[in-house]
Structure formats: C-alpha cells, structure tokens
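# Structural description and commentary
Here is how the chains run, residue by residue.
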Amino acid sequence: MADFEVPVLREYPIIPKLKEGTMAHSSPYVAKAVMQEPLGFPGELLDNWKEVAIEKMGELCGKYRSLQVYLDSCVKCGACTDKCHYYLGTTDPKNMPVARQDLLRKVYRRYFTFAGKYFPKLVGAADLTEEVLDDWYSYFHQCSQCRRCSVFCPYGIDTAEISMAAREIMDAVGKGQKYCNEIIGKVFKIGNNLGLPEPALRDTLEGIEEDVEDDTGVKVRYPLDEKGAEVLLVTPSADFFAEPHVDGLIGYGKVFHEAGISWTLSSKASEAANFGMFIGSYENMRRVSMRIREAALELGVKRIVFGECGHAWRVAYSFLNTLAGPFDFLDPRYPVPQHICELTNGLIKEGKLKFDKSLNDDMKLTFHDSCNVARASRMGDKPGGQFVIPREIIKACCNHFYDMPADTIHESTYCCGGGGGLLTDDLMELRVKGAMPRMQALKTVVEEHGVTNLVAICAICKSQFAKTLPYYGFDMNSIVSLHQLVSNAIILSDAPKDDDENDDDGDDA
Amino acid sequence: MSLVTGLYVVLFYAATVLLVVGLAFRIKKYASTPAPLKIPTTPAPTTQSGVVLRLFREVVFFESLFKSNKWIWLFGYLFHFGMLLVLLRHLRYFTDPVWTWVALMQPFGKYASFAMLAGLLGLWARRFLVDRVRYISAPSDHLMLALLVGIAITGMGMTFVAHTDIVMVKGFFLGLMRFSPQPLPTDPLLLAHLGMVVALMIVFPISKLLHAPGVFFSPSRNQVDNPREKRHLAPWAARLESGEQR
C-alpha cells in the first residue's frame, strides 16, 4: 500500500527513541515562477539569496514580537521534545519542536547575537548555507503549525510562528512551496482553493437542492450571491462536493432553513480557507480576507458565519477583525464572525431545532478537536467553548458519543497530520506518519467503546483522515462532518408526514 | 587596596552595568516590537486580569511545564525556587541594618541551596541521559549548568564547610554600593564564587537566560482573548492599510 513503513499502533503510546535523518528526504514540490509572482515573491531562487534571507529575518524580528522573543527565550529544557505528532510518527529528531526552531535559531544567533557572532560553536550558531536552506525547506514543511508544542512550553514558544517566519523568508528568496502558493493564486484569480468558477458553483448548489428535496421532500435552499440575505456563509470549497464535507454543507442549509434565517454563499468569497496564514504572509492573508469584507458589503448581509474549517476559523476568529475590520456595518448583536457551531448550538438552546437522535444510531462517535480551533480560537463567550459547543451539538443529535483519551483532546489534541499547508500528495509519507498519534487515540476508543466514526469540523482534517485512516486499518468513510450528524437527525417541521408518498425512501442511511 | 580587591571592584561594577544596560535594551526591544496578530494559546483568559493570573501561574507554578513533563518541572522548580530563597538570603550582605524578614529566613535560605543544587544536577543529568535532550544540547547549555553548579557548590562550601570572613565580605559589598571600595577577603572559595557570579551577570543579557524577561513578553501567554470584541492593529499594519486606501 505504501513505499514507506507505516507506524505500528501499539497497546499504549510510547515516546520513541530518535533516529536521525529518517525524514530528511521529505520535501514538497517547489513553486514555479507563475505561482510565485502573483503573490509578490521572486520566481526562482535569487542569486543573492543569502543576503536577502538574512535581511528578511531581521525585518521579521522587528515586525513580530513573537519571533523575536521566541528566538531568544528557549532554554532547551526538552519539555516540547515529545509533543509533536511528526516526531512521534517519524522519530526524526529535527521534528522535535525545539530542534525545528533551532534550524532557524542557529542562523539567527550567527547573524544577530553577540554570542553567535563571536562564539558560534559554543552556542550552536551556524552560517546560512545551501544545506541549511534545504533543511529549512524540508523541515519547515514538516510542521503543521498546530501549536501543540506551545501549550507545553514554559514560555509559550509557538513553533508555528517560527515556521511561518521561515516560510516567509523562503518565499522572499524565491523558494516557495507549490501547494500553498498555487492555491493562494487560485483564490485571487477564481475565488476559491479548488478553482471552482461561479457557474460550476451555481450548478453544484442546484444539484444539492435537488438531492435534499428528493431525500426529505423539503425545498431547502442553497443560495448563491443573494443580495439582502441576513447571513453570509463562508465555507471551505471542499464543502461544495467532496465527501464527507458536502454532507456538512447540507446540514448548514437545513439549520438555516429550519430556523428561518435567510442566508447566502458568495461566489467572490467562495472559500473560507486562507493559506496566507500557512506561509506567514500578512499581506497575502489580508488580501484573501478582504474578499470576505467586500462580499459582505456587496451582498448587504447583517452577519458573517463560517463553515467547518479549522485554520479558516483561526483566521476568522482571531485575525479577521484585524485584517479586514472594522465590521461596524454588520448587526452588532452578533459576534463577527460567528462559527456555524455557535449558530447551531444557539438555536438548539433556544429550542428552535428538534432532532430524532435515533437516526444516528448506526454510528458510535468520537470527536477530533481540530488544532486551530482548539488552540488558536474560541467559540461562545467562555474560554474552552470551542471544546464544549461541538460536543453539545453532537450529544443533541446522537445517542452514542465517547471522547478519546484526555491527553489527546481539547488543548492537547493531536493534529490530523495534514494541517498547515501539508495536505498534498507529495508529502503523503509525512501525512501518514503524522497521523499516527491520532490513530493511536482512535484505536483506544474503537477497542473500548466500539466507536465507528470520527467527527471533525475542519476540511483539512476530513480530507486528511479520508486518505490516512485506511493505512491504519480503519474505513476511509468513518470520518464524518459534524453538521452531517445534524443533517441526519434534524426534524424539518415542513417535511411531509410519513404517510405521504415519500414513505419508501426515508431510511436509506 | 590590594590587586585582588581592585580587580573584583572593577569586575562587579562592569558586570552590573552590562547586566542592567543589556537587560534594559533587550526589554525595550521586546516592548517596542509590535505583535501584529492575536495569537494567545487558547483557551486563554478573556480579560486583562485573567492574563495577569495566567502569567502569575506560569511564573510562580510553572503551569505549562507541569502539564508537559513532571521531571523537568520538579528539577526546574527545585532549582528556581531554591535559588530564589538563596538570593533573598543574600540580601543580608547588601543591607545595613539587615531587614527583619531577611534575618528570619536565613536558615531557609541556607538549606534551600541543597534544593537548588539537586535541581541543577537533575536538569544536567537529563542532558546526558535523555536522548532527545542530549540531541538539543549545545556546549553553552552544559556550560551554563556548570556555572550555576559551581556557584552553588562554592557558596555551600563557605556556608557549611570553610567559612570566609563574612563581615569583611559585607563590608566589600556595602562599600561597592557606597562607591567607597573596601577590601575583600582572598579565600579561593570566595573568589571563585564571586568570579562565577560576575560571569553569570555578564552572560545574562546575551544568552538563553533571557527567558526570564521573555516569558512576560510571550504573545501566546500575555494576550487577552478578545479579537472579535476589540480590533487589534499594529502600527505597521495600520500603515500598510492606509497606504492601500490612498
């Protein structure tokens, strides 16, 4: 099945002994000039790349307090060394968060600190060479920016900040990553990561409306570019057709329908994802975010709601107000933006949604906290709402829910292995190995409680699990969208009664 | 004034200036570098007082480290709080008359040195015994521990084994503070102890010891989780925005 060794799931999780160089060969495709230039980056590696890289490093240290403080503060205590899913899955020591940071830190020390300038050997400082650049390219594309290390670091050092800076430096010298930069280009040109143009999107949504009507007998609408709608829904483009994503989109539509809230998607902002974050580029992240502001203004909506997507929710919750605010033209009674889970859970609390939980009885479920939702954002008005709210929704529409072990959920959740701009086939070995800790935790609840399905609220997690579950002996279809569960169990009050003509196609789940 | 006294007078003045000025520059740099985005590691406090409490727990209990690794926490805690008590005890050599609470805590400060040393040795042992920590250790990480262990052992030597003329030592430091240098005893233990302290003061602002001020400036720990309620905009980001609108 694979031309690499798939990690073995054990009885109990262990901290593996390190093995140097096991992932030194892992490196994603480099962006071509046509992908670099629309983002404002040089097309190929500059002749004077060293000078440019050092200059960029200095510039970023002056612009980001996080980078400056984190490069200075590490004491090499080792607290983070066993916290990264990529280390646990690959045993490559350069995948330990501190060692990954040190790839950048050793160059920072050499060029920017007294000790590194005069006593490089003593403090582990090193010149920037081609080998170092290759190491950067390889290992800063083995970090999914999941922030698990930052939870456990006594100074909160966040490797995500370091890897974002490293990627920005590499973009600045002309060595960008194909996957991320090509996708950002598509967003600028067409409006979404998949390059789905407006007519195709409209077609797809009409198809979904027909399917839902066939299935439920209710004309649930999936509107596009409707001016004057109350809510603008911004969702990852995977929701428009891939399984199990689309089942989630169907669920959002049913929630809006049942609650009587008018809503619309936008062809201009037909993508929640913002890969500008992955490459650490404030400018690109801002440009991607501005589409949402413009769409909201053009459509005259009162609220902005985001669909199920992890990093998109980080950008939306934590950065959107900064990047594209202020949103004083929206209804001040609602937070800007809102997560679809906040909206759904609010409606459940108000008694506006009713469920027949038994319709999900064919599944025993567990919930995967997506890293960016868990450690870089919030839902609701209390810290930790991002853990409580999705679980409340699941429990409202399912009878069988079991959490994975405590050290693998909530703020300690393991990344799916495909986040941070790594969800590309040229990194499949890394993705499979990085999924190991999550698979190990899943195995526990499968064995203890007979769990059959894994719920996620992130497009990247869903795609990643659909690909990697089979490597560990699980069914690729066992990954489900949270709003798919909502969709299965929601009782639409205007649905035809059971004795109507639709009787025979009611139970095809 | 003897040559040795003269040397140590110069060393202590120089080290103090380097420590204070170096740290001030570093702290000014941290404080003046903007944090353009809200990046608290969540769940995070939603109020400023919540953030103060979070940092308090971090600095006083090493909360994150406790979550991470009980051994490092134990050794780190023994070392840091042992050292704190030892340092507070040392206030008696810089105050005249000695403050009552400093006088009262002398025995605690004396025996805390054992905790300090045990913590340091534990941390050092990990650098040899745990393969992951061995991999990330640079020579300077070992040297730093050697320096601290050296300071602890020479200090304990004077407290518990071979006393120095402590009245004279106090005279020396009070003299330094009053800018009228007094003679320093010349026991080798004392000179080694003070020499290593000087070295530590000098490397502080140019080494990983910057984690001490760093923790207070760490955006993942010191930011309030309120991005939806309050717009957060760094000066350079604001300039970027206004440049576009023009």
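Residues numbered from 1 in each chain as written. Chains lettered and ligands numbered in written order. Predicted model: local features only at pLDDT ≥ 70, side-chain atom pairs only at ≥ 80, totals over all residues.

The next subject is the overall build of chain A. Along the backbone of chain A there are 22 helices and seven strands. Against the globule reference of 23 Å for 509 residues, chain A gives a C-alpha radius of gyration of 23 Å, in line with a compact fold. Reported as C-alpha extents along the three principal axes, the dimensions of chain A are approximately 85 × 55 × 40 Å. Taking contacts inside chain A between residues at least 6 apart in sequence as the whole, the part at least 24 apart equals 80%. (Helix = DSSP H or I, 4+ residues; strand = E, 2+ residues; numbered from the N terminus. Rg over C-alpha atoms; globule rule 2.2 N^0.38 Å. Contact = placed C-beta atoms within 7 Å.)

This next bit is on the domain arrangement of chain A. All names here are of chain A. Along its sequence, chain A is carved into domain 1 (33–176) and domain 2 (185–402 + 451–489). Opposite the 14 residues of domain 1 that make contact, domain 2 presents eleven residues. Counting residues per element, the ones that place at least two in the side of domain 1 that touches domain 2 are helix H9 (148–152) and helix H10 (159–172). In terms of residue count, the dominant contributor to the side of domain 1 that touches domain 2 is H10 (five residues). Split by residue class, the side of domain 1 that touches domain 2 holds seven nonpolar, two polar and five charged. (Domains from an automatic or database assignment. Nonpolar A, V, L, I, M, F, W, Y, C, P; charged D, E, K, R; others polar.)

Let us now look at the packing of helix H1 (residues 3–32) of chain B against helix H10 (residues 188–203) of chain B. Residues and elements named next belong to chain B. For the pair H1 and H10, the least separation of the axes is 8 Å and the interaxial angle reads 25°. If you check the angle between H1 and H10, you find them roughly parallel. Remark: the crossing between H1 and H10 carries left-handed chirality. Contact residues: H1 offers Val4, Tyr8, Leu11, Phe12, Ala15, Thr16, Leu18 and Leu19, while H10 offers Leu191, Leu194, Val198, Met201 and Ile202. When its residues are assigned to classes, the contact of H1 with H10 shows twelve nonpolar, one polar and no charged. (Axes fitted to C-alpha atoms, helices over the stretch in contact; angles between N-to-C directions. Parallel < 35°, antiparallel > 145°, perpendicular 65-115°, else oblique. Left-handed = near helix turned anticlockwise from the far one by under 90°.)

Taken residue by residue, the interface counts 55 residues in chain B and 57 residues in chain A. Elements with a minimum of two residues in the side of chain B that touches chain A: H1, helix H3 (63–68), helix H4 (70–89), helix H7 (131–136), helix H8 (139–161), helix H11 (211–217), helix H12 (219–222) and helix H13 (235–245) of chain B. Among the elements that line the side of chain B that touches chain A, the one with the most residues is H7 of chain B, at five residues. In the side of chain B that touches chain A, the residues fall into 27 nonpolar, 16 polar and twelve charged.

Attention shifts here to helix H22 (residues 482–489) of chain A. Residue and element names in this part refer to chain A. Summarising burial for H22: eight of the eight residues are buried, a large majority. Turning to H22, its buried residues number three or more, namely Leu482, His483, Gln484, Leu485, Val486, Ser487, Asn488 and Ala489. Where H22 is buried, its residues contact helix H13 (245–259), helix H16 (340–349), helix H18 (385–397), strand S6 (453–456) and strand S7 (479–481). (Buried ≥ 20, exposed ≤ 12 C-beta atoms within 10 Å, placed from the backbone.)

To continue, consider the sheet that holds strand S2 (residues 263–264) of chain A. Residue and element names in this part refer to chain A. In space, the four strands of this open sheet follow the order S2-S1-S3-S4, with parallel pairing throughout. A single partner strand is all that each edge strand has here, and the edge strands are S2 and strand S4 (338–339). Pairing of strand S1 (residues 231–234) with strand S3 (residues 303–306) involves four bridges; the strand directions are parallel. Note on S3: the bridge partner recorded for valine 231 is arginine 303. (Pairing = 2+ DSSP bridges.)

Our focus in this paragraph is the sheet that holds strand S5 (residues 365–367) of chain A. All names here are of chain A. A sheet is described by the order of its strands in space; here three strands give the open sequence S5-S6-S7, paired in parallel fashion. Looking at the sheet topology across the chains shown, the edges are occupied by S5 and S7. If you compare each strand with its neighbour and ignore which way they point, the axes differ by 35° on average. Pairing of S6 with S7 involves three bridges; the strand directions are parallel. Paired with valine 455 across the two strands is valine 480, which belongs to S7. The strands touched by H22 are S6 and S7; relative to S7, the strand with the most contacts, the crossing angle is about 70°.

Residue and element names in this part refer to chain A. The topology assignment puts asparagine 274 in the loop between S2 and helix H14 (282–299). Using a count of 27 C-beta atoms within 10 Å as the deciding quantity, one classes asparagine 274 as buried. When residues no more than four places from it in sequence are discounted, the contact partners of asparagine 274 are Met285, Val288, Ser289, Ala312 and Val315.

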